[in-house]
Amino acid sequence: MWENIKDFASTFFVTGDPLIYGADVSIVLTIIAILFVLTKYKKWGWLWREWLTTVDHKRIGIMYLIASLLMLFRGGVDALLMRVQLAFPNVEFLHSDHYNAIFTTHGTIMILFMAMPMMFALFNMVVPLQLGARDVAYPFLNALSFWLFMLGAMLFNLSFVIGGSPDAGWLSYPPLSQNEFSPGPGQNFYIWGIQISGIGSLATGINFIVTILKMRAPGMKLSKMPLFSWSVLSSCIMIIFAFPILTVTLALLFLDRFAGAHFFTMDGGGNPMMYLNLIWMWGHPEVYIVVVPAFGIFSEIVATFSRKKIFGYKSMVWAMMIIAVVSFFTWAHHFFTMGTSASVIAFFAISTMIVGIPTGVKVFNWLFTMYRGRISFKQPMLWTIAFIPCFVIGGATGVMLAVAPADYQYHNSYFLVAHFHQVLIGGVVFGYLAGIYYWWPKLFGFKLDEKLGKWGFWFWNIGFYVCFMPQYALGFMGMTRRYYTYGWDRGWADLNLVSTVGAFMMGIGFIFQVWQIAYSIKHGERDTTGDPWNGRTLEWSIPSPAPFYNFAVVPQVKEMDDWWETKEAKANGTYKEQPAKLEPIHMPKNSGIPFIMANFWFLVGFGFTFGWVWMAVIGFIGVFACMWARSFQYDTDYYVPVEEVRRTEASLGRVV
Amino acid sequence: MATNHDHGHGHDHDHHEEHEQLKVLGFWIFVVTDCVLFGTLFATYAVMMNSFAGGPTGQELFQLPGVIASTFILLTSSFTSGLAVLAMNKGNVKQLIAWLAVTGLLGLSFVVLEVTEFMHLMSEGATMATSGYWSAFYTLVGTHGLHVTLGLFWMTALMMQLKRRGISAVTRRKITNFSLYWHFLDVVWIFLFTVVYLMGVM
Ligand code: HEM
Ligand SMILES: [Cu+2]
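Okay, so let's go over this structure. (Residues numbered from 1 in each chain as written. Chains lettered and ligands numbered in written order. Predicted model: local features only at pLDDT ≥ 70, side-chain atom pairs only at ≥ 80, totals over all residues. Heavy atoms only, no water.)

Across its full length, chain A carries 20 helices and two strands. Relative to the 2.2 N^0.38 estimate, which gives 26 Å for 656 residues, the radius of gyration of chain A is 25 Å and therefore close to what a compact globule would have. The principal-axis extent of the C-alpha atoms belonging to chain A is close to 75 × 60 × 45 Å. Every one of the 656 residues in chain A was classed for burial, and the buried ones make up 59%. Separation between the mean location of the 43 positive side-chain charges and that of the 37 negative ones in chain A comes to 11 Å. (Helix = DSSP H or I, 4+ residues; strand = E, 2+ residues; numbered from the N terminus. Rg over C-alpha atoms; globule rule 2.2 N^0.38 Å. Buried < 20%, exposed > 50% of the residue type's maximum accessible area, 1.4 Å probe, protein only. Lys, Arg positive; Asp, Glu negative; His and termini not counted. Charge placed at Lys NZ, Arg CZ, Asp CG, Glu CD.)

Right, let's talk about the environment of Leu-81 of chain A for a bit. Residue and element names in this part refer to chain A. If you trace the backbone, Leu-81 turns up in helix H4 (residues 57–87). Exposure remark for Leu-81: the relative accessible area of 14% places this residue in the buried category. Considered as a pair, Leu-81 and Thr-330 are 249 residues apart in the sequence and their alpha carbons are 33 Å apart. Setting aside residues no more than four positions away along its own chain, Leu-81 makes contact with Leu-19, Phe-93, Leu-94 and Ile-102. (Contact = heavy atoms within 4.5 Å.)

Bringing the coordination of the copper ion (ligand 2) into the picture now. Residue and element names in this part refer to chain A. The protein atoms that coordinate the copper ion (ligand 2) are His-284 (ND1), His-333 (NE2) and His-334 (NE2), at distances spanning 1.6 to 2.0 Å. Sequence positions of the donors to the copper ion (ligand 2) reduce to the motif H-x48-H-H. Of this pair, His-284 sits in helix H9 (residues 272–306) while His-334 sits in the loop between helix H10 (313–326) and helix H11 (342–370), placing them 50 residues apart in sequence. In this structure His-284 comes out as buried when scored by relative accessible area, which is 6%. (Donors = N, O, S within 2.8 Å, 3.2 Å for Na, K, Ca; no water.)

In this structure, Trp-366 of chain A together with Phe-137 of chain B are the most contacted members of the largest nonpolar core, which totals 244 residues. Discounting residues that sit within four places of it in the chain, Trp-366 of chain A has contacts with Phe-295, Phe-298, Ser-299, Val-302, Ile-310, Met-316, Phe-387 and Ile-388 of chain A. Counting residues in each nonpolar core, the second largest holds 13 residues, with Met-82, Tyr-414, Met-479 and Trp-492 of chain A among its members. (Core = buried A, V, L, I, M, F, W, Y, C linked by side-chain atoms within 4.5 Å.)

On to the coordination of the iron atom of ligand 1. Residues and elements named next belong to chain A. Protein-derived coordination of the iron atom of ligand 1 comes from His-106 (NE2) and His-421 (NE2), at a distance range of 2.0 Å. Note on His-106: relative accessible area 12%, which makes it buried. On the basis of relative accessibility, which here comes to 15%, the residue His-421 falls in the buried class.

In this structure, Glu-124 of chain B sits in the loop between helix H4 (93–123) and helix H5 (132–165). Between the C-alpha atom of Glu-124 of chain B and that of Pro-56 of chain B, which follows or precedes it by 68 residues, the distance is 8.6 Å.

Moving on: the side chain of Gln-195 of chain A. Locating Gln-195 of chain A in the fold gives a position in helix H7 (residues 186–214). A relative accessible area of 9% places Gln-195 of chain A in the buried class.

A word on the site of ligand 1. Residues and elements named next belong to chain A. Around ligand 1 sit 23 residues, and of these His-106, Trp-170, Tyr-414, His-421 and Arg-482 come closest. Trp-170 is positioned with one of its backbone polar atoms (N or O) 2.9 Å from an oxygen atom of ligand 1. Note that an oxygen atom of ligand 1 is positioned 2.7 Å from one of the backbone N or O atoms of Arg-482. For the shell around ligand 1, the elements supplying multiple residues, two or more each, are H4, helix H5 (96–131), helix H14 (414–444) and helix H16 (493–523). Top contributing element to the shell around ligand 1 by residue count: H5, with seven residues. When the residues that make up the shell around ligand 1 are grouped by side-chain class, the tally is 16 nonpolar, four polar and three charged. (Near = heavy atom within 4 Å. Polar contact = N/O pair within 3.5 Å; in protein donor to acceptor, adjacent residues only side chain to side chain. Nonpolar A, V, L, I, M, F, W, Y, C, P; charged D, E, K, R; others polar.)

This next bit is on the packing of H4 of chain A against H14 of chain A. All names here are of chain A. Close contact between H4 and H14 brings their axes to 13 Å; oriented N to C, the two are set at 150°. Considering their axes alone, H4 and H14 lie roughly antiparallel with respect to each other. Crossing handedness for the pair H4 and H14: left-handed. Here Lys-58, Ile-62, Leu-65, Arg-83 and Leu-86 of H4 come into contact with H14, specifically with Tyr-414, Ile-436, Trp-440, Leu-443 and Phe-444. Partitioning the contact of H4 with H14 into residue classes produces eight nonpolar, no polar and two charged. (Axes fitted to C-alpha atoms, helices over the stretch in contact; angles between N-to-C directions. Parallel < 35°, antiparallel > 145°, perpendicular 65-115°, else oblique. Left-handed = near helix turned anticlockwise from the far one by under 90°.)

With that out of the way, let us pick up the packing of aromatic side chains. Residues and elements named next belong to chain A. According to the stated counting rule, one finds 101 aromatic pairs over all chains in the structure shown. Between Trp-192 and Phe-608, the aromatic rings sit 5.1 Å apart at their centres with planes inclined by 15°, giving stacked as the arrangement. You can see Trp-192 sitting in helix H7 and its partner Phe-608 sitting in helix H18 (residues 593–609), a full 416 residues away along the chain. Residue classification places Phe-608 among the buried positions, given a relative accessible area of 12%. (Phe/Tyr/Trp six-rings, centres within 6.5 Å; stacked < 30°, edge-to-face > 60°.)

Below, the discussion takes up the packing of H18 of chain A against helix H19 (residues 613–631) of chain A. All names here are of chain A. Where H18 meets H19, the axes come as close as 7 Å, and the angle between the chain directions of the two elements is 160°. In terms of orientation, H18 lies roughly antiparallel with respect to H19. Classified by chirality, the crossing of H19 by H18 is left-handed. Here H18 contributes Ile-593, Ile-596, Met-597, Phe-600, Trp-601, Leu-603, Val-604, Phe-606, Gly-607 and Phe-608 to the contact with H19, which in turn contributes Met-615, Ala-616, Ile-618, Gly-619, Phe-620, Gly-622, Val-623, Cys-626, Met-627, Ala-629 and Arg-630. For the contact of H18 with H19, the per-class residue count stands at 17 nonpolar, three polar and one charged.

The end-to-end C-alpha distance of helix H6 (residues 169–201) of chain B, which contains 33 residues, comes to 47 Å, matching closely the 48 Å that a straight helix rising 1.5 Å per residue would cover. Helix geometry: H6 of chain B is bent most strongly at Phe-193 of chain B, by close to 30°. (Expected span 1.5 Å × (residues − 1). Bend = angle between axes of the 7 residues up to and from the residue.)

Listed by partner, the interface residues are 45 residues for chain B and 38 residues for chain A. With both chains or domains summed, chain B and chain A bury close to 3,500 Å², and 75% of this area falls on carbon and sulfur atoms. Contact with chain A buries surface across chain B, with Leu-22, Ile-29 and Thr-33 of chain B losing the most and accounting together for 14% of the total. Across the chain B-chain A interface, the total number found is zero salt bridges. Mapped by element, the contributors of at least two residues to the side of chain B that touches chain A are helix H1 (12–48), H5 and H6 of chain B. For the side of chain B that touches chain A, the element with the most residues is H1 of chain B, which contributes 19 residues. Looking at the side of chain B that touches chain A, its residues break down into 19 nonpolar, 21 polar and five charged. (Buried area = accessible area lost by both parts, 1.4 Å probe. Salt bridge = Lys/Arg side-chain N within 4 Å of Asp/Glu carboxyl O.)

Laid out in structure tokens, this is it:
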């Protein structure tokens, strides 16, 4: 009996690595600390009522933001561990299999559990406010999406200390990801962690499409809608076409592993190339899904901080919509070298280059907007300006990769690693950070400290070039990706050391940002106006932080950049005050079902990960019961009385 | 109208209608995503079409009469779900529930037939693990069957709600979505029948 338990524990818990024992201890300590604080200050009820059951899009946005920052930390630590291992030749800091696990979790976490939630954080923080809406179309579904993401992410992260991390790369190509080569639970964690959070992402896609199409304030025609909302629409259209493919792909991989199916196996008629096609049919659009909202953010920021209307509004919209379509026809550029006909390769090479055109149009539009503008270099603008050269270089190296014959040289080399980090960090991370700095005051009611922010900014930026420019050279020198060590004779030592130094500089930049947030909570400049940047769009017309019902009176939109026009008209004295009439506000009720249901999904995932079918069955029954219960709930909304609206507005310093 | 608010708000009716409209649109988009899902499964099936790996082929094992019977049953159920919607539009709850019940029974027999078919195939030595072809077959056909099964539970829940609450803006929207879902499954089945069974035995 005792032997059995010991046996089980030694396979269940990951052992034999000081890093992991360290993680075990810190996880247990953190959990104890959280439980202690919640109990001591009697915060359980508050946590449940205000956060776990909330359907308020702004709070959901905040939770996404916190989760994504934590994941940025985890993914960043992975990155630093890899760079330490690669700093000098013949380092024995990580074992090869540990290195494999780390590059896998790093890539997966950064894209699916950092970039995606940070994007959803921004959707939630901004879109309804920008549209003049009181909420998203389906608040309950929105909460469900969040909790599915959260529990999927937790499941994935758990693999580090329980069962073992996946180590077949962030896209899990078979046969590496099949039972034969990945026998442990790690790969199952990968499948279920992503599957569960992916369902949440799909639901968010549907939710925001309907929100944007149907919830705009009266008068806001699509042709007057702010560009960030347009970018969200484009991104969500890609989500609804791409994520079902991912769902199927992961399910098939799971069937191969769990039920002995032969989709991607080497025997039994399976076809591993089919996996590559499927995963990249999702994977390529995925990178556009995360980058297009960043384009929207830059458009808002450039206009606001140049004090000008955005240049080429229509072409911006077209560019985003074209990207949404063409991004689905480029997937095969990820495996040019794996042998297909010349005409297929030519098709995908050309379509890849075509995506570059609308992107180029956008860059020029931003530059023209800045041209002769009165630019103020606040933090959001700094990141935007830093983005432009970074993205242009990244785009240029992307086109180099798209030249199919040349790709035989670059494929899977460090040149590629440098390229995709350039677009992902320079485009996605810089973009989202810019957006967070920009909209932070709207959510929290204060600005983030400029001085600390500038330190963070410069460390990130200089660090970025120091880290990734040498990698282009290393690629040319023959270093391929996923090497875990190399010898002195290769001549790669100097450049690798420089690259590692750069990575640590970015790490320092991140620490400055955390410090900046902590510092600003106490000392940050309070925003009493609701419009700290002299903004142009509707979200700046209401107090900061926005009250839970967003708009006391739903705005009537007449122009593009309506809030800016209103301010101009007020300054000119041509503004006609409309008598505002308060009405009771229709709001959704909180619900515990999303949280509970996501926990049951977690059980499903955890059960399948270890092959405990009984646990998965319990999970499914729970999920089902939650859906059933929800179907029978009719009393799901309420009205905020006029008096309460008046009181809330008064406490925020407004009269209505 | 069955709303549970005790406030004197004049736009109540409009407001709810509008909200329910919104949910129908969302459901349409959900159906689009489900189309992509089935499209992907069809594509994998097409790739695996000839990957028998020395195992049995569809041509050898399919028994068309049973499948044709299932097809008729499902088509009929789609028709009866249409009749249910007609009854709803006439405001006749009893008839509505009755037609839903008929639809449900037909759906149930479809699922039973499918399970019987799967058992038969497995007894003939064609399982998920036999070859790429059968993996794709069970996944594609099974996913459709799973959808139908879920639809049965959904329908049961709706009948219970109709009994309790009658026809309101909310139940009306739910029935609309349900019938959309049910017709959609019918269309998927027609593709499935053609691509998997007809082309399989040809
Ligand atoms: C913050 C600084 C970062 C550093 C220093 C860094 C470093 C690295 C390193 C050393 C690798 C392994 C290369 C190899 O295969 O040998 C890697 C891979 C990867 N990184 Fe990063 N990274 C950073 C940020 C990011 C971000 C923000 C993203 C995405 C949004 C990202 C996505 C990826 C992906 C997808 C891979 C491929 C993983 C695989 O090979 O399966 N990284 N990174
Ligand atoms: Cu691509």
